[in-house]
Number of protein chains: 2
Amino acid sequence: MDDTSDQTAVPRYLGVKHMIQQRISSGDWTPGQRVPSENELVADLGLSRMTINRALRELANEGVLTRIQGLGTFVAEGKGHTSTFEVRNIADEIAERGHVHAAKVLVLDQMRATPELADALQIEIGAPAFHSLILHSENDIPVQLEDRFVNPMAAPDYLALDFSRETPNRYLSATIPWTDAEHTVEAVLPASWEAKLLAISRADPCLAIHRKTFAGSHVVSSARLLMPGSRYRISSRQKAG
Amino acid sequence: MDDTSDQTAVPRYLGVKHMIQQRISSGDWTPGQRVPSENELVADLGLSRMTINRALRELANEGVLTRIQGLGTFVAEGKGHTSTFEVRNIADEIAERGHVHAAKVLVLDQMRATPELADALQIEIGAPAFHSLILHSENDIPVQLEDRFVNPMAAPDYLALDFSRETPNRYLSATIPWTDAEHTVEAVLPASWEAKLLAISRADPCLAIHRKTFAGSHVVSSARLLMPGSRYRISSRQKAG
DNA sequence: ATACCATAGTTGTCTGTACAAGTGAACCGG
DNA sequence: CCGGTTCACTTGTACAGACAACTATGGTAT
């Protein structure tokens, strides 16, 4: 019950982590400043080096500390307070609600890259690129318009797939695991043809998520997901470290 | 090149992690299935238990595995493909761009909780609550309208603070570290008074972030951040594990 | 003065051992 | 048949020691 007692209800490595985080949040240790070395902490706290090491390593993984071999351990710079959101595959999300997901393939063809597209996919202007336009619906109500461009080098058989059965997202992440992803979220008004497809008014605000995935230095795919603000929202719950 | 070679260029615990992730992604081990115990892996791979333990523990932290003391280690369920976003403190973000951040306090007072607010803050209807309305601007252009309600029990001195110097976000997270946070992002059209304050048209779509922070089971604060879609977007870059 | 080298101190990893704590099944006594 | 106990097995934590890899500094030889 009493947490200040000496009988350690909490693991020692957690105690070390808390101590360090308190020193940082209290302003005692400032960003960029060096924190005591493992051996110093071993001597100060009377714990084994493996225990100290685990505490410091986990704090480094969490972004609280920065460790440089041969140099020392430092309080990580700023990073302020960040809140994280998670965006899931739309088909999974709908299925989890117990609703019916359907995808209508509106466009699935090959095209020549426009200057902007060539820049986005990091290919030559006029080079071939795959394009798909898919309307996702939940219980027959359209909820997402997926406009996607794919690098043919990454997925040569893209045009032969049946995306009414498996979403491009799922196919791509299963066959070409990405190493990096870039996201942008913004609020926009739909173009007239987009509003028509989503069966909303042109004045209805939409969430637009732009997602670009990389495999190494190559661009795999660039997609724009447009969702009516009245029917979709991103939610998440986060625990502090 | 050959990963089965004995000259370990990569640390052994990383090799174990990769081996396990490959078994999972290849479908060899399916979600929910039990993976070999630490002792079995020790015998199979000829490594020490601490090395195996580190590999399994890190994979569990990353959400790939689920470990239950006394039972075993299991492949984590689905979780599909999630993409994460990070939303930072607006003042930090503006400062990082080298621009000037200014905050204008429009409202800062005490009020009696309406039924909805009482529900949001988990207090009694009619109980006192603090309310602040702050307009954030970047180089004199309004970029965010922050409408915040604070639980007086959590921050009794809230009304005495000068939020033109320090944002409520920074003050609250410094004095009352939250343990949980709940977020929602949606696209909306601004109310007429909101459009007026942000100096935009009522037809301009906005990003609305609703953030609710908890300290234990108590609600600390509930805030709604409204940003013109034309002037703000959330971006992030993510690395795959 | 410059280039090279040795060295102390740091983090990174790995091993082997030990005990604690939790789970489930087999076992035994009533 | 029921209930408690014991036992094997699991993960969680902690320790002591060792070597490797890396960094900066100072000394040394040129």
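Residues numbered from 1 in each chain as written. Chains lettered and ligands numbered in written order. Predicted model: local features only at pLDDT ≥ 70, side-chain atom pairs only at ≥ 80, totals over all residues. Heavy atoms only, no water.

## Let's talk about the overall build of chain A
Put simply, the test is: In DSSP terms, a helix is any run of H or I states spanning at least four residues, a strand is any run of E spanning at least two, and both are numbered starting from the N terminus. Radius of gyration here is computed from C-alpha atoms only, and the compact-globule reference equals 2.2 Å multiplied by the residue count raised to the power 0.38. The contact rule is simple, with two residues in contact once any of their heavy atoms fall within 4.5 Å. Reported accessibility uses the Shrake-Rupley method at a 1.4 Å probe radius. Residues are deemed covered only where the shown protein chains occlude them. This count recognises Lys and Arg as positive and Asp and Glu as negative, with His and chain-terminal groups excluded. Charge coordinates come from a single atom per side chain, which is NZ of Lys, CZ of Arg, CG of Asp or CD of Glu.
Each helix and strand in chain A was counted, giving seven helices and eleven strands. For 241 residues, the compact-globule estimate of 2.2 N^0.38 gives 18 Å, and chain A exceeds it by more than 25% at 25 Å. Across its three principal directions, the C-alpha atoms of chain A cover 65 × 45 × 30 Å. Once local pairs closer than 6 in sequence are excluded, the contacts in chain A between residues at least 24 apart make up 57%. Roughly 12800 Å² of accessible area belongs to chain A as shown, and the carbon and sulfur atoms make up 51% of that amount. Taken together, the 25 basic and 30 acidic charged side chains of chain A have centroids lying 2 Å from each other.

## As for the packing of helix 3 (residues 49-61) of chain A against helix 3 (residues 49-61) of chain B
The criterion, for reference: The axes are straight lines fitted to the C-alpha atoms, using for helices just the contacting stretch, and the angles between their N-to-C directions are given from 0 to 180°. Every angle not falling under 35 degrees, over 145, or within 65 to 115 is termed oblique; those three ranges are roughly parallel, roughly antiparallel and roughly perpendicular. By the definition used in this description, the sense in which the near helix is turned from the far one sets the handedness, with an anticlockwise turn below a right angle giving left-handed and a clockwise turn giving right-handed.
In the contact formed by helix 3 of chain A and helix 3 of chain B, the axes pass within 13 Å of each other and the chain directions differ by 30 degrees. Between helix 3 of chain A and helix 3 of chain B, the angle is such that the two are roughly parallel. Crossing of helix 3 of chain A over helix 3 of chain B shows right-handed handedness. Residues R54, R57 and E58 of chain A of helix 3 of chain A pack against R54, R57 and E58 of chain B of helix 3 of chain B.

## Focus on the sheet that holds strand 2 (residues 65-68) of chain A
Adjacent strands of a sheet pair through backbone hydrogen bonds, lying either parallel or antiparallel. All names here are of chain A. Selection criterion: A pair of strands is treated as paired once DSSP finds two or more bridges between them.
Taking strand neighbours across the sheet as the criterion, the three strands line up as 1-3-2 in an open arrangement whose pairing is antiparallel. Strands at the two margins of the open sheet, each flanked by one partner only, are strand 1 (34-35) and strand 2. As paired elements, strand 1 and strand 3 (residues 72-75) share two bridges and run antiparallel to each other. Residue pairing for strand 3: R34 is matched across the bridge by F74.

## Some remarks on the relation of the copies chain A and chain B
Basically, it comes down to this: Overlaid copies result from least-squares superposition on C-alpha atoms, with residues included only where pLDDT is at least 70 in both.
In screw terms, the move from chain A to chain B is a rotation of 180 degrees and a rise of 0.3 Å along the axis, fitting with an RMSD of 0.3 Å. The transformation relating the two chain copies, once decomposed into turn and shift, fits a two-fold axis. In this assembly, 100% of the residues forming the interface of chain A have copies in chain B that are likewise at the interface, indicating an isologous arrangement.

## Focus: the domain arrangement of chain A
The line we're drawing: Segmentation into domains, and thus their bounds, comes from an automatic or database assignment.
Partitioning chain A into domains gives domain 1 (12-75) and domain 2 (90-228). Of note, the centres of domain 1 of chain A and domain 2 of chain A, computed from C-alpha atoms alone, are 44 Å apart.

## Let's talk about the state of the cysteines
Filter applied, for reference: Defined by distance alone, a disulfide is two cysteine sulfur atoms within 2.5 Å. Exposed residues in this analysis have more than 50% of their type's maximum accessible area, buried residues have under 20%, and partly exposed residues fall in between, with area computed by a 1.4 Å probe over protein chains only.
This model, assessed by the stated rule, comprises zero disulfides over all chains. A disulfide-free cysteine, C206 of chain B has its sulfur positioned 14 Å from the sulfur of C206 of chain A, the nearest such atom. Assessed through its relative accessible area of 0%, C206 of chain B is described here as buried.

## With respect to the packing of aromatic side chains
Residue and element names in this part refer to chain A. Inclusion rule: Only Phe, Tyr and Trp rings take part, Trp by its six-membered ring, and two of them pair if their centres are within 6.5 Å. Stacked means planes under 30 degrees apart, edge-to-face means over 60, and tilted covers everything else. Placement of a charge over a ring requires the Lys NZ or Arg CZ to be within 6 Å of the ring centre, with the centre-to-atom vector within 35 degrees of the ring normal.
If you walk through the whole model with that rule in mind, you get four aromatic pairs over all chains. Ring centres 6.3 Å apart and planes at 5 degrees place the aromatic pair F130 and Y158 in the stacked group. Linking F130 in strand 6 (residues 128-138) with Y158 in the loop between strand 7 (141-150) and helix 6 (168-175), this pair joins segments that are 28 residues apart in sequence. The pair F130 / Y158 is uniform in exposure class, with both members buried. The interplanar angle of 45 degrees and the centroid separation of 4.8 Å between the aromatic rings of Y158 and F163 together place this pair among those described as tilted. Here the basic side chain of R54 rests over the ring of Y13, its NZ or CZ set 3.8 Å away from the ring centre.

## Details of the packing of helix 2 (residues 38-45) of chain A against helix 3 of chain A
Residues and elements named next belong to chain A. Heads up, the condition is: Gly falls in the polar group here, along with every residue not listed as nonpolar (Ala, Val, Leu, Ile, Met, Phe, Trp, Tyr, Cys, Pro) or charged (Asp, Glu, Lys, Arg).
Running from N to C, helix 2 and helix 3 point in directions that differ by 120 degrees, and their axes come no closer than 9 Å. If you check the angle between helix 2 and helix 3, you find them oblique. When the axes of helix 2 and helix 3 are compared, the crossing they make is right-handed. Two secondary-structure elements touch here, helix 2 through E38, N39, L41, V42 and L45 and helix 3 through R49, I52, N53 and L56. Within the contact of helix 2 with helix 3, the residues separate by chemical class into five nonpolar, two polar and two charged.

## Focus on the interface of chain A and chain B
Rules: Accessible-area loss on putting two parts together, using a 1.4 Å probe and summing over both, is the definition of buried area adopted here. The rule for a salt bridge is simple: a side-chain nitrogen of Lys or Arg has to be within 4 Å of a carboxyl oxygen of Asp or Glu. Polar contact is defined as a pair of N or O atoms within 3.5 Å, subject to the rule that within protein one atom must be able to donate a hydrogen and the other to accept it, and that residues adjacent in sequence are counted only when both atoms are side-chain atoms.
Facing 45 residues of chain A, the contacting portion of chain B comprises 45 residues. Around 4200 Å² of area is buried between chain A and chain B when both sides are counted, 51% of it from carbon and sulfur atoms. Where chain A touches chain B, the interface holds two salt bridges. Applying the counting criterion to the chain A and chain B interface returns zero residue pairs in polar contact (both at pLDDT 80 or more). Only helix 3, strand 4 (83-87), strand 8 (180-188), strand 9 (206-215) and strand 11 (234-239) of chain A provide two or more residues apiece to the side of chain A that touches chain B. In terms of residue count, the dominant contributor to the side of chain A that touches chain B is strand 8 of chain A (nine residues). Of the residues contributing to the side of chain A that touches chain B, the split by class is 17 nonpolar, 14 polar and 14 charged.

## Describing the protein's contact with DNA strand C
Short version of the rule: Any residue with a heavy atom lying within 4 Å of a molecule or strand is counted as near it.
The environment of DNA strand C is made up of 25 residues, and the closest members are R49 and R67 of chain A together with R12, T51 and Q69 of chain B. Elements with a contribution of two residues or more to the surface near DNA strand C: helix 3, strand 2 and strand 3 of chain A together with helix 1 (12-25) and helix 3 of chain B. With four residues, helix 3 of chain B is the single largest residue contributor to the surface near DNA strand C.

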